[in-house]
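Chain and residue survey
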Amino acid sequence: MNMPSTTPSRVPYAVFVAVMIAHLVHGMSCATAQDATPGKSPETLLKGFVEECVLIEPGTDKFPPSFQMGRHFESPFALPELTVTLTQSFRISKFEMTQELYTAVMGKNPSRWTGPRNSVESMSFLDAEACCTKLTTRLLDAKLIAANDVVRLPTEAEWEYCCRAGTDTRYSFGDAASTETDKDPLASILNEYAWHTGNAAGNDPAVGVLKPNPWGLYDMHGYLWEFVSDEHADTNSATAPESTPKTTTNKATRIIRGGSWRDPASQLTCGARKPIPDQTSSDAIGFRCVIAQKPQP
């Protein structure tokens, strides 16, 4: 996976100051468990995670049963456009996995840019999957989820359904990221919703700083690419969105969605996606979790 290695040069002054302070306080080293969860017990973090999940009920109220997947993204990795119907409800975290929760579950924080409420990054797909498995056990032990529930990565169809949030535009807020007076890489409309090359300064901020999409989900565009459960294939693998993630195989290629702070506005659309080996990590990749019922045998 070739990720851009340079930090964007045009940075708002307030963001620049925040980054400099963060560098002085945290440095470039990985955080310890104590650093990542100041003043919060594991029980508080687990309960907070469940409470911060948004219930998604396809086919009821504001949640359409079907959507057009693969629209508005030009790339060799773009999906062919198709209609996908979801039939099962699930809960999805309104935030990307935070460093404080990841550390409480995994006992370590791999992130380059540290902060308790920053999104965790620099973990592989295998690490993200392991975190979901351990988080399931912790929540079951604490009786915070039902016995037939599991924490997992979203399928690619679930992720795009939630990113679009009932819309059919390039972004969940409309088709335009920039105004007519913006000069590349600035995107003043997108700035209100996403961290990207036009407004990021290299240090990830806390989750939920910018505006959410219509379903109350934050940072679906930008901030960090997010792992989904699907294996990458030449043909579309999202035609069965209710299927459980496949058993991990050695050297499998997975999918990341949504773009990151290292990417321009064009890489942050609802259809943005890239393949990545499951053992690769980057400070531009994170994940968010879904709580759903275990599949029937």
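Below is a summary of the structure that appears in this document. Treat the numbers as computed from the prediction; the structure is a model and nothing was measured.

1. Describing helix α3 (residues 42–51)
For α3, the set of buried residues is L45, L46, G48, F49 and V50. For α3, the secondary structure elements touched by its buried residues are β1 (53–56), β4 (90–93), α4 (99–106), α5 (125–141), β5 (149–152) and β10 (290–293).

2. A word on the nonpolar core
Of all hydrophobic cores here, the largest spans 30 residues; its most connected members are F49, M97, L135, F227 and F287. Within the residue set of this core, elements represented by two or more residues are α3, α4, α5 and β6 (225–231). Looking at this core, the element that brings in the most residues is α5, giving six residues. Formed by 25 residues, the second largest nonpolar core is a distinct cluster that contains L79, V84, C163 and C270.

3. Thoughts on the pattern of salt bridges
Summed over all chains, the structure comprises 14 salt bridges. Of the charged contacts, one joins R112 and D283 as a salt bridge, the two residues approaching to 2.9 Å between their closest N and O atoms. A residue pair is termed long-range when its members are at least 10 positions apart, and R112 in the loop between α4 and α5 and D283 in the loop between β8 (273–277) and β9 (285–286) qualify at 171 residues. Its relative accessible area of 32% is what places R112 among the partly exposed residues. Accessibility expressed as a relative area gives 8% for D283, which makes it buried. Taken together, the salt bridges that share partners define one network made up of E156, E160, R164, R257 and R273.

4. A look at the pairing of β4
Pairing geometry for β1 and β4, over four bridges, is antiparallel. Considered in β4, the bridge of L55 is made with R91. The sheet contact formed by β4 and β10 spans two bridges and is antiparallel. Its bridge partner lying in β10, R91 is registered against I291.

5. Comments concerning helix α6 (residues 156–164)
Burial analysis of α6 places nine of its nine residues in the buried class, which makes it a mostly covered element. Burial in α6 covers these residues: E156, A157, E158, W159, E160, Y161, C162, C163 and R164. Trailing α6 by a residue or two, A165 shows a phi angle of about 50°, which is positive.

6. Let's talk about the sheet that holds β4
Spatially, the four strands line up as an open sheet ordered β1-β4-β10-β5, and their pairing is antiparallel. What marks the edges here is a single partner per strand, and that holds for β1 and β5. Here the average twist between neighbouring strands, direction ignored, is 25°. Of the pairings in the sheet, the one linking β5 to β10 comprises four bridges and is antiparallel in character. Looking at the pairing, D149 lines up with Q293 of β10. Lying over the sheet, α3 contacts β1, β4, β5 and β10, oriented at roughly 30° with respect to β1. Together, β1, β4, β5 and β10 form the strand contacts of α6, whose direction differs from that of β4 by roughly 70°.

7. What about the sheet that holds strand β7 (residues 253–257)?
Taken in spatial order, the four strands line up as β8-β7-β6-β9 in an open sheet, and their pairing is mixed. Edge positions in the sheet fall to β8 and β9, since each of these pairs with one other strand and no more. Here β6 pairs with β9 via two bridges, running parallel. Considered in β9, the bridge of E226 is made with G286.

8. Remarks on the packing of aromatic side chains
Summed over all chains, the structure comprises nine aromatic pairs. Look at W113 and W261: their rings are 6.4 Å apart centre to centre, the planes differ by 85°, and that puts the pair in the edge-to-face class. Of this pair, W113 sits in the loop between α4 and α5 while W261 is found in the loop between β7 and β8, placing the two residues 148 residues apart along the sequence. Since its relative accessible area comes to 5%, W113 is described here as buried. With a centroid separation of 5.9 Å and an interplanar angle of 75°, the aromatic rings of F125 and F227 are classed as edge-to-face. Of this pair, F125 sits in helix α5 while F227 is found in strand β6, placing the two residues 102 residues apart along the sequence. With respect to class, F125 is no different from F227; both count as buried. Here the aromatic residues F63, F67, Y161 and W215 are joined through ring pairs into a cluster of three or more.

What counts, and at which threshold
Residue positions are given per chain, counted from 1 along the sequence in the order it is written. Predicted model: local features are reported for residues with pLDDT of at least 70 only, side-chain atom pairs are reported and counted for 80 or more only, and whole-chain, interface and lining totals are derived from all residues. Only heavy atoms go into the side-chain values, all of them from the structure, while hydrogens and water stay out. Each residue is assigned to one of three classes by its accessible area relative to the maximum for its type, calculated with a 1.4 Å probe on protein chains only: buried under 20%, partly exposed between the two thresholds, exposed over 50%. A helix here means a DSSP run of H or I that spans at least four residues, while a strand means a run of E at least two residues long, and both kinds are numbered starting from the N terminus. Two residues form a contact once any of their heavy atoms are found within 4.5 Å. Here, the term nonpolar core denotes a set of buried Ala, Val, Leu, Ile, Met, Phe, Trp, Tyr and Cys residues that are joined through side-chain atoms within 4.5 Å. Criterion for a salt bridge: a side-chain nitrogen of Lys or Arg within 4 Å of a carboxyl oxygen of Asp or Glu. Criterion used throughout: strands pair if DSSP finds at least two bridges between them. Whenever a helix is involved, its axis is fitted only over the stretch in contact; in every case the axis is a line through C-alpha atoms, and angles between N-to-C directions fall within 0 to 180 degrees. Classification of ring pairs uses Phe, Tyr and Trp, with its six-membered ring standing for Trp, and accepts pairs whose centres are within 6.5 Å; under 30 degrees between planes counts as stacked, over 60 as edge-to-face, and the remaining range as tilted.

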